[in-house]
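# What the coordinates show
What follows is the residue order along each chain.
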Amino acid sequence: SQQGEEDPQALSIQEGENATMNCSYKTSINNLQWYRQNSGRGLVHLILIRSNEREKHSGRLRVTLDTSKKSSSLLITASRAADTASYFCATSGGSYIPTFGRGTSLIVHP
Amino acid sequence: EPEVTQTPSHQVTQMGQEVILRCVPISNHLYFYWYRQILGQKVEFLVSFYNNEISEKSEIFDDQFSVERPDGSNFTLKIRSTKLEDSAMYFCASSQGLDYGYTFGSGTRLTVV
């Protein structure tokens, strides 16, 4: 299966700390995307990283991709209570249809 | 910022009834998708639509499901005869191209009773 699996399943940190979430997948990909979902809401696209890229930044977010290890990480620096959400990685192979993992539930305590 | 609009936000229907979920994708996007998320479970791909036809569909998207783009703006998902297990959050999404991120709508919560 191509889908990514996030690790850890749940993460609880204090405001101001960094949060790191990992995603591992099994087959080759064209791109990997990270999304955020607040409880009961839609998915918000955070970053897309293509298979020939190794790192991307967007504000407080940093995504890395290691295709040799078939893994990606999402780092949120200086976390805020508003970052509390579920974070999903979605991998796309030949058909470019993203397949979602089960997500990491992040709680940031004020 | 442009957004994907879904209506209704909640729909309750009786088993066996037909439902139509509506979506207005972002106007300059070319690819349209439906996903669903059963409570507490993963987001699952249903179907993708490009150039007025289905480009990919999953095993979930059986003969009970259909999609349509009846005009230049709307994109609909029809479930012909709903079952209890169709109860889920249904998300519409659109993208500029294959190698681009998706913009998701806020979802329609479908409850089949």
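One can find the structure itself at the top, above this paragraph.
Given the structure is predicted, the values throughout are model-derived calculations rather than measurements.

Calculation criteria
Residues numbered from 1 in each chain as written. Chains lettered and ligands numbered in written order. Predicted model: local features only at pLDDT ≥ 70, side-chain atom pairs only at ≥ 80, totals over all residues. Heavy atoms only, no water. Helix = DSSP H or I, 4+ residues; strand = E, 2+ residues; numbered from the N terminus. Buried < 20%, exposed > 50% of the residue type's maximum accessible area, 1.4 Å probe, protein only. Contact = heavy atoms within 4.5 Å. Phe/Tyr/Trp six-rings, centres within 6.5 Å; stacked < 30°, edge-to-face > 60°. Lys NZ or Arg CZ within 6 Å of the ring centre and 35° of its normal. Pairing = 2+ DSSP bridges. Axes fitted to C-alpha atoms, helices over the stretch in contact; angles between N-to-C directions. Core = buried A, V, L, I, M, F, W, Y, C linked by side-chain atoms within 4.5 Å. Buried area = accessible area lost by both parts, 1.4 Å probe. Salt bridge = Lys/Arg side-chain N within 4 Å of Asp/Glu carboxyl O. Polar contact = N/O pair within 3.5 Å; in protein donor to acceptor, adjacent residues only side chain to side chain. Disulfide = S-S within 2.5 Å.

### Some thoughts on the environment of Gly103 of chain A
Residues and elements named next belong to chain A. By secondary structure assignment, the location of Gly103 is in the loop between strand S10 (99-100) and strand S11 (104-109). Of the residues examined, Gly103 reaches a relative accessible area of 9% and is grouped as buried. The spacing of Gly103 and Thr91 is 12 residues in sequence and 13 Å in space, taken between C-alpha atoms. Beyond its immediate sequence surroundings of up to four residues, Gly103 is in contact with Glu6, Pro8, Gln9, Tyr87 and Phe88.

### Re the packing of aromatic side chains
Counted according to the given criterion, the structure contains 16 aromatic pairs over all chains. Taking the centre distance of 5.3 Å and the plane angle of 45° together, the rings of Phe49 of chain B and Phe75 of chain B count as tilted. Of the two residues, Phe49 of chain B sits in strand S5 (residues 43-50) while Phe75 of chain B sits in strand S8 (residues 75-79), which places them 26 residues apart along the sequence. Pair check on accessibility: Phe49 of chain B and Phe75 of chain B agree, each one buried. Through pairs of rings, three or more aromatic residues link up here, namely Tyr35, Phe88 and Phe100 of chain A together with Tyr33, Tyr35, Phe45, Phe91, Tyr102 and Phe104 of chain B. One residue, Arg50 of chain A, lies across the ring of Tyr100 of chain B, its end atom 5.8 Å from the ring centre.

### Some details on the side chain of Ser58 of chain B
With respect to the helices and strands, the residue Ser58 of chain B is situated in the loop between strand S6 (53-57) and strand S7 (65-68). In this structure Ser58 of chain B touches Phe45 and Leu46 of chain B, once residues within four positions along its chain are discounted.

### Concerning the sheet that holds strand S8 (residues 71-76) of chain A
Residue and element names in this part refer to chain A. Strand order in the open sheet formed by five strands is S1-S3-S8-S7-S6, and the pairing between neighbours is antiparallel. Edge strands, defined here as strands with exactly one partner in the open sheet, are strand S1 (5-7) and strand S6 (55-58). For this sheet the average axis-to-axis angle between neighbouring strands, irrespective of direction, equals 20°.

### Let's talk about the nonpolar core
If you look at the biggest cluster of nonpolar residues, it comprises 22 residues, and the most contacted ones within it are Met21, Leu32, Trp34, Leu74, Ile76, Tyr87 and Leu106 of chain A. Mapped by element, the contributors of at least two residues to this core are strand S2 (10-14), strand S3 (19-24), strand S4 (31-37), strand S5 (43-50), strand S7 (61-66), S8, strand S9 (85-92) and S11 of chain A. Residues within four places of Leu32 of chain A in sequence aside, it is in contact with Cys23, Tyr25, Ile47, Leu48, Ile49, Leu65, Ser72, Cys89, Ala90 and Thr91 of chain A. One finds Phe32, Val47, Phe65 and Tyr90 of chain B within the second-largest nonpolar core, a separate group that totals 21 residues.

### Some thoughts on the interface of chain B and chain A
At the junction of the two partners, chain B supplies 19 residues and chain A supplies 21 residues. Between chain B and chain A the total buried area reaches about 1700 Å² when both faces are included, carbon and sulfur atoms providing 56% of it. When the buried area of chain B at its contact with chain A is split by residue, Lys42, Asp99 and Tyr102 of chain B rank highest and sum to 36% of it. Counting across the interface, chain B meets chain A through one salt bridge. Asp99 of chain B serves as the salt-bridge partner of Arg50 of chain A, at 2.6 Å between the closest nitrogen and oxygen. Run the count over chain B and chain A and you get six residue pairs in polar contact (both at pLDDT 80 or more). Taken together, the elements giving at least two residues each to the side of chain B that touches chain A come down to strand S4 (31-37), S5 and strand S9 (88-95) of chain B.

### Brief notes about the state of the cysteines
All names here are of chain A. Scanning the model with the defined rule gives two disulfides over all chains in all. Two residues share a disulfide in this structure: Cys23 and Cys89, whose sulfurs sit 2.0 Å from each other. Here the disulfide of Cys23 and Cys89 is right-handed, its torsion about the S-S bond being about 60°. Of this pair, Cys23 sits in strand S3 while Cys89 sits in strand S9, placing them 66 residues apart in sequence. The same class applies to Cys23 as to Cys89, namely buried.

By themselves, these observations are geometric and do not establish any function.
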